[in-house]
2 protein chains.
Amino acid sequence: MITLTVELAERSYPIYIGADLLVLPELLTRHIQGNQVMIVTNTTVAPLYLAMVEQLLDGYQVDSVILPDGEQYKNLETLNLIFDALLEKGHNRTTTLLALGGGVVGDMCGYAAASYQRGVSFIQLPTTLLSQVDSSVGGKTGVNHRLGKNMIGAFYQPQAVLIDTNTLTTLPARELSAGMAEVIKYGLLEDLAFYRWIQQHIDNLMAGDATLLARAIRTSCECKARVVAQDEREGGIRAILNLGHTFGHAIESHQGYGNWLHGEAVGTGLLMAADLSCRMGAISVAEVDELKALLVKASLPVLPPADMTEADFLSRMSIDKKVLDGRIRLVLLRQIGQAYITSDVDRTQLCQTLAGAALNG
Amino acid sequence: MITLTVELAERSYPIYIGADLLVLPELLTRHIQGNQVMIVTNTTVAPLYLAMVEQLLDGYQVDSVILPDGEQYKNLETLNLIFDALLEKGHNRTTTLLALGGGVVGDMCGYAAASYQRGVSFIQLPTTLLSQVDSSVGGKTGVNHRLGKNMIGAFYQPQAVLIDTNTLTTLPARELSAGMAEVIKYGLLEDLAFYRWIQQHIDNLMAGDATLLARAIRTSCECKARVVAQDEREGGIRAILNLGHTFGHAIESHQGYGNWLHGEAVGTGLLMAADLSCRMGAISVAEVDELKALLVKASLPVLPPADMTEADFLSRMSIDKKVLDGRIRLVLLRQIGQAYITSDVDRTQLCQTLAGAALNG
């Protein structure tokens with residue numbers, strides 16, 4: 001087992017990464033203060049892991065709430081199911097919420113913890129690659145609004161993140177691909193050596209090689225923890241982690257949440273960010289093609305939806321959180337392995353990217 | 001104009017108290033960073049003050065959302081109306097929300113600000129006595145759940161609190177009484193001299209004497225600011241401000257939100273807390289009677305609802321946030337002008353208070 005730390009002064013917390021972690025009661029219970037636990041999970045994950053987690057919690061009042069599975073349920077209505085369960089079971093301020101599932105479960109459980117009685121503890125038990133490498137770390141929690149993704153939420157840190165890599169054995173291939181998009185993102189944005197390593201091992205990673213996946217998770221979490229420690233509330237540098245996400249969020253909300261997986265939209269978004277960076281002269285066409293090939297090997301989509309127009313993109317992107325005083329801010333590549341944040345985007349070049357000419361060409 | 005400060009390090013903010021403050025643009029605009037403003041108000045307050053506030057904001061993008069008036073609308077559904085307005089009007093992370101109204105508007109606007117895009121700025125413009133002396137200061141924000149009051153929310157501080165005492169000239173008598181319950185609370189809990197002053201001036205306060213009301217607001221805000229500065233997130237001493245509230249919340253939720261005003265329930269709750277303190281030997285029957293007389297002069301109810309049983313109280317109180325690991329914690333009086341927090345409550349004496357024998361006798 002590897003232990004990383006997210007350094008945030010009094011809000012610091014550990015990330016445990018390893019196989020067979022969900023059979024070690026003490027690893028979990030050391031982070032539980034009171035005697036009440038509410039496990040928040042979904043209809044897909046509950047049959048696989050709920051009983052296993054409950055077994056770790058002998059002697060506690062353990063309740064659970066099983067949400068419908070999918071990004072389309074990440075909203076205030078579903079969030080309220082968590083509050084219903086907490087209040088019906090009499091959970092008080094000392095309760096601890098456990099987020100057992102992927103990114104949607106983690107984001108909703110975290111926001112419920114931030115909001116219940118104005119804040120209770122929670123622990124992340126991510127069971128998908130995407131949540132293990134990205135969403136479970138860093139304290140971004142929230143739900144979607146019909147007019148924009150993650151528009152309602154809080155920065156709220158967990159007590160701990162416990163990543164049992166065994167859970168990847170039950171992960172559907174499509175979900176593995178979605179998570180790989182975020183892994184590739186870390187390489188692209190700040191670590192050329194890691195990017196090359198992913199290129200080298202992509203076939204075995206996608207085949208589920210446990211050792212390689214553990215290393216990918218570790219390196220991704222190290223990057224995430226480092227950036228979050230510098231800028232917890234995204235006043236500046238943290239926005240770099242949104243590489244590909246402004247394009248991706250536009251795709252997700254245009255398609256209707258749950259049709260494209262978040263990671264799939266990010267994959268296409270990464271390629272669009274690279275395409276625009278190329279048009280602006282920062283990276284070569286060959287490098288864009290190389291990224292495209294990597295995404296294809298990860299079974300990720302490399303084209304935005306065929307029915308999505310330039311105008312669709314612009315309208316969705318202008319409502320994205322990364323818009324400051326009316327100007328679209330984007331994360332682009334100065335080179336492979338080095339991203340930067342800019343509001344200085346040429347509208348013509350952006351529209352060329354959105355039109356998808358190069359992508360479709 | 002008087003300026004107080006809530007001392008919370010980088011989250012410190014001013015409270016301005018005075019007449020004719022809502023005609024001074026600079027007092028408001030100095031606390032607005034971006035160029036977008038969303039005024040959150042309700043159907044009662046909008047006809048009175050919305051145009052006046054809009055006039056202060058020349059040069060900004062000013063939008064408004066008018067909520068239905070009443071505690072029964074303080075829920076996630078109404079909260080979502082604020083998010084709808086923000087997104088439909090394209091408000092970004094630099095927007096500032098203005099809470100123009102009473103406690104319900106302030107609590108919901110504050111929670112919307114805490115949650116929109118994971119946190120934007122807001123300013124409190126309280127227009128009721130209750131919100132001026134209590135709810136606009138200290139950063140408690142949130143909404144109710146059908147199973148408990150303020151169960152969903154955040155600690156989130158405003159940029160400033162701007163109390164224009166002129167707004168009290170349009171306040172209905174019942175709302176003035178409700179606010180007076182919180183004023184009386186501050187005297188009872190830590191300031192005997194203030195309590196005596198209220199007793200002395202209660203008739204003129206209730207008649208709307210502007211000078212006396214301004215002094216009551218100032219002294220109340222000073223107390224609130226002092227306590228909040230010591231314990232922003234209610235880890236300890238801040239709970240003292242809940243004197244009367246555990247009983248009061250039980251009454252409010254039993255009656256259905258909006259039937260009793262919050263301040264009315266707090267008034268009765270104060271008397272119940274005094275009654276229990278008397279049974280426990282801390283204060284005299286004469287002192288309880290004196291408080292009862294003061295509440296009557298403030299036109300506040302002094303009896304819990306006739307149909308509310310001991311069991312109703314116990315079940316509602318056990319779900320109150322102030323319950324820690326199954327034990328009811330209460331704020332009681334050691335003497336008039338000195339409250340304390342305790343879990344050491346004799347169940348028999350509590351039940352005698354709940355049965356309301358002394359109150360009804």
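Relevant structure appears above.
A few points on the structure. (Residues numbered from 1 in each chain as written. Chains lettered and ligands numbered in written order. Predicted model: local features only at pLDDT ≥ 70, side-chain atom pairs only at ≥ 80, totals over all residues. Heavy atoms only, no water.)

**A few points about the overall build of chain A**
The number of helices and strands found in chain A is 14 helices and 13 strands. By the compact-globule yardstick of 21 Å for 361 residues, chain A fits well, its C-alpha radius of gyration being 20 Å. For chain A, the spread of C-alpha atoms along the principal axes amounts to about 60 × 40 × 35 Å. Within chain A, residue pairs in contact and separated by at least 24 positions form 74% of the contacts whose partners lie at least 6 positions apart. (Helix = DSSP H or I, 4+ residues; strand = E, 2+ residues; numbered from the N terminus. Rg over C-alpha atoms; globule rule 2.2 N^0.38 Å. Contact = heavy atoms within 4.5 Å.)

**Here's the deal with the sheet that holds strand β6 (residues 121-126) of chain B**
Residues and elements named next belong to chain B. Within the open sheet, the seven strands sit side by side as β1-β2-β9-β6-β5-β3-β4. Their pairing is mixed. Lying at the two open borders of the sheet, with one neighbouring strand each, are β1 (2-6) and β4 (61-67). Sheet twist, expressed as the average angle between the axes of neighbouring strands with direction ignored, equals 20°. Pairing analysis gives four bridges linking strand β3 (residues 36-42) to strand β5 (residues 96-101), with the strands arranged parallel. Note on β5: the bridge partner recorded for I39 is L98. On top of the sheet, helix α2 (residues 46-55) reaches β3, β4, β5 and β6; it is set at about 165° to β3, its chief contact. Across the sheet, helix α8 (residues 210-230) is in contact with β1, β2 (13-18) and β9 (160-164); its angle to β1 comes to roughly 20°. (Pairing = 2+ DSSP bridges. Axes fitted to C-alpha atoms, helices over the stretch in contact; angles between N-to-C directions.)

**Some remarks on the side chain of B:T353**
Position of B:T353 relative to the elements: it lies in helix α13 (residues 347-355). In this structure the side chain of B:T353 is engaged in a polar contact, spanning 2.7 Å, whose partner is the side chain of B:D275. (Polar contact = N/O pair within 3.5 Å; in protein donor to acceptor, adjacent residues only side chain to side chain.)

**Concerning the relation of the copies chain A and chain B**
With an RMSD of 0.0 Å, the fit of chain A onto chain B corresponds to turning through 180° and sliding 0.0 Å along the axis. In the structure described here, the two chain copies are related by an operation that fits a two-fold rotation axis. Minimal C-alpha separation from the rotation axis in chain A is found for A:L76, amounting to 3.7 Å. Interface residue correspondence from chain A to chain B reaches 100%, placing this contact among same-surface, isologous pairings. (Least-squares fit on C-alpha atoms with pLDDT ≥ 70 in both.)

**Digging into a nonpolar patch on the surface**
A contiguous nonpolar patch, built from A:V23, A:L24 and A:M52 and spanning about 240 Å² of accessible area, is present on the exposed surface. Locating A:V23 in the fold gives a position in the loop between β2 (13-18) and α1 (25-29). (Patch = residues over 30% accessible without salt bridge, like charges linked within 9 Å, V, L, I, M, F, W, Y side chains within 5 Å. Areas by Shrake-Rupley, 256 points an atom, 1.4 Å probe, with all protein chains shown as cover. Salt bridge = Lys/Arg side-chain N within 4 Å of Asp/Glu carboxyl O.)

**Side note on the interface of chain A and chain B**
Contacts between chain A and chain B engage 36 residues on the former and 36 residues on the latter. With both chains or domains summed, chain A and chain B bury close to 3,500 Å², and 51% of this area falls on carbon and sulfur atoms. Counting every contact that joins chain A to chain B gives six salt bridges. Residue assignment for the side of chain A that touches chain B shows that the elements contributing at least two residues are α3 (76-88), α4 (103-115), β7 (140-145), β8 (148-155) and β10 (323-324) of chain A. (Buried area = accessible area lost by both parts, 1.4 Å probe.)

**With respect to helix α2 (residues 46-55) of chain A**
All names here are of chain A. Looking at α2, one finds that the buried residues are A46, Y49, L50 and V53. The buried residues of α2 occupy an angular sector of 115° when the element is viewed end-on, so they sit on one face. Among the exposed residues of α2, those pointing more than 90 degrees away from its buried face are P47 and Q55. Its buried side turned inward, α2 meets α1, β3 (36-42), β4 (61-67), β5 (96-101) and β6 (121-126). (Buried < 20%, exposed > 50% of the residue type's maximum accessible area, 1.4 Å probe, protein only. Arc of directions from axis to C-beta.)

**Section: the packing of aromatic side chains**
All names here are of chain A. Under the definition given, this model contains six aromatic pairs over all chains. Ring plane angle 20° and centroid distance 6.5 Å describe the contact between F83 and Y116, whose orientation is recorded as stacked. On the criterion of sequence distance, the pair formed by F83 in helix α3 and Y116 in the loop between α4 and β6 is long-range, its members being 33 residues apart. Look at Y116 and you get buried, because its relative accessible area is 0%. Measuring from ring centre to ring centre gives 6.1 Å for F122 and Y156, while their planes differ by 15°; the resulting arrangement is stacked. (Phe/Tyr/Trp six-rings, centres within 6.5 Å; stacked < 30°, edge-to-face > 60°.)

**Remarks on the pattern of salt bridges**
Taken as a whole and assessed by the stated rule, the structure comprises 38 salt bridges over all chains. The residue B:R93 makes a salt bridge to A:E234 at a minimum N-O spacing of 3.3 Å. Residue B:R93 is located in the loop between α3 (76-88) and β5, and its partner A:E234 is located in the loop between α8 (210-230) and α9 (245-255); the two belong to separate chains. As far as burial versus exposure is concerned, B:R93 and A:E234 are alike and both buried.

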